Amino acid sequence: MEKVLNQAELLAEAILESEEYINMRLTEQAVMKDEEATLLVANYSEKRSKVEELLANPNMDRGELAKAGQALQEAEHMLDHNKLIAKMQETNEAFTEMMKIALDVAAAMESR
C-alpha cells in the first residue's frame, strides 16, 4: 500500500508541475481577473441555468424554451469570440488530453 501511495504522490506532483496544468491555471486566473470575461461567463451560466430550469419543468412552454435557447446561443457566441476565454478553453483541452493519456497508460499497464 505504501508503494502505491508514494507513486500516487509522485504522479500528483508531476501533474501539478506539468506545463499543461500550469498553463490551465494561469489562464483560468486571468479570466477571473478580467471583468469582461467574468461577465461573459456569468451571463452564459445564467442563460444555461434558465434553459435547464425550463427543461426540468414537465409543463414547459416551448416558446419560452425557444427564446431561452436563443439567448443561450447568443451568450455562447459571445464566449467563443473572447480571446481570453478561447485561450482558457484551449488550455483546459490540453490538460484534459494529458490526463486521458495518463489514464490510457494506466489501463495499458493493467492489461499486461
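All of these numbers come straight from a predicted model, not from anything done at the bench.

Rules used throughout
Residue positions within a chain follow its written sequence, with the count starting from 1. Note on the predicted model: pLDDT of at least 70 is required for a residue's local features to be given, and 80 or more for side-chain atom pairs to be given and counted; whole-chain, interface and lining totals, by contrast, use all residues. Think of the side-chain values as coming from all heavy atoms in the structure, minus any hydrogens and water. Secondary structure elements follow DSSP: runs of H or I no shorter than four residues count as helices, runs of E no shorter than two count as strands, and numbering proceeds from the N terminus. In a helix, the anticipated span is given by 1.5 Å times the number of residues less one. The cut-offs for exposure are 20% and 50% of the maximum accessible area for each residue type, with area from a 1.4 Å probe on protein chains only; residues under the lower value are buried, those over the upper are exposed, and the others partly exposed. The directions from the helix axis to the C-beta atoms are what the arc is built from. The criterion used for residue contact is that any of the two residues' heavy atoms lie within 4.5 Å.

1. Some details on helix H2 (residues 19–33)
Taking 1.5 Å of rise per residue, 15 residues should cover 21 Å, and H2 covers 21 Å from first to last C-alpha, within 8% of that figure. Regarding H2, the residues found buried are Met 24, Thr 27, Glu 28 and Val 31. All buried residues of H2 fall inside an arc of 105° around its axis, so they share one side. In this structure, H2 carries Glu 19, Leu 26 and Lys 33 as exposed residues pointing more than 90 degrees from its buried face. Among the structural elements, helix H3 (35–56) and helix H5 (83–110) are those in contact with the buried residues of H2.

2. Here's the deal with the environment of Ser 18
Counting through the fold element by element, Ser 18 comes out in the loop between helix H1 (2–17) and H2. With relative accessibility at 9%, the residue Ser 18 sits in the buried group. Separated by 23 residues in the primary sequence, Ser 18 and Val 41 place their C-alpha atoms 26 Å from one another.

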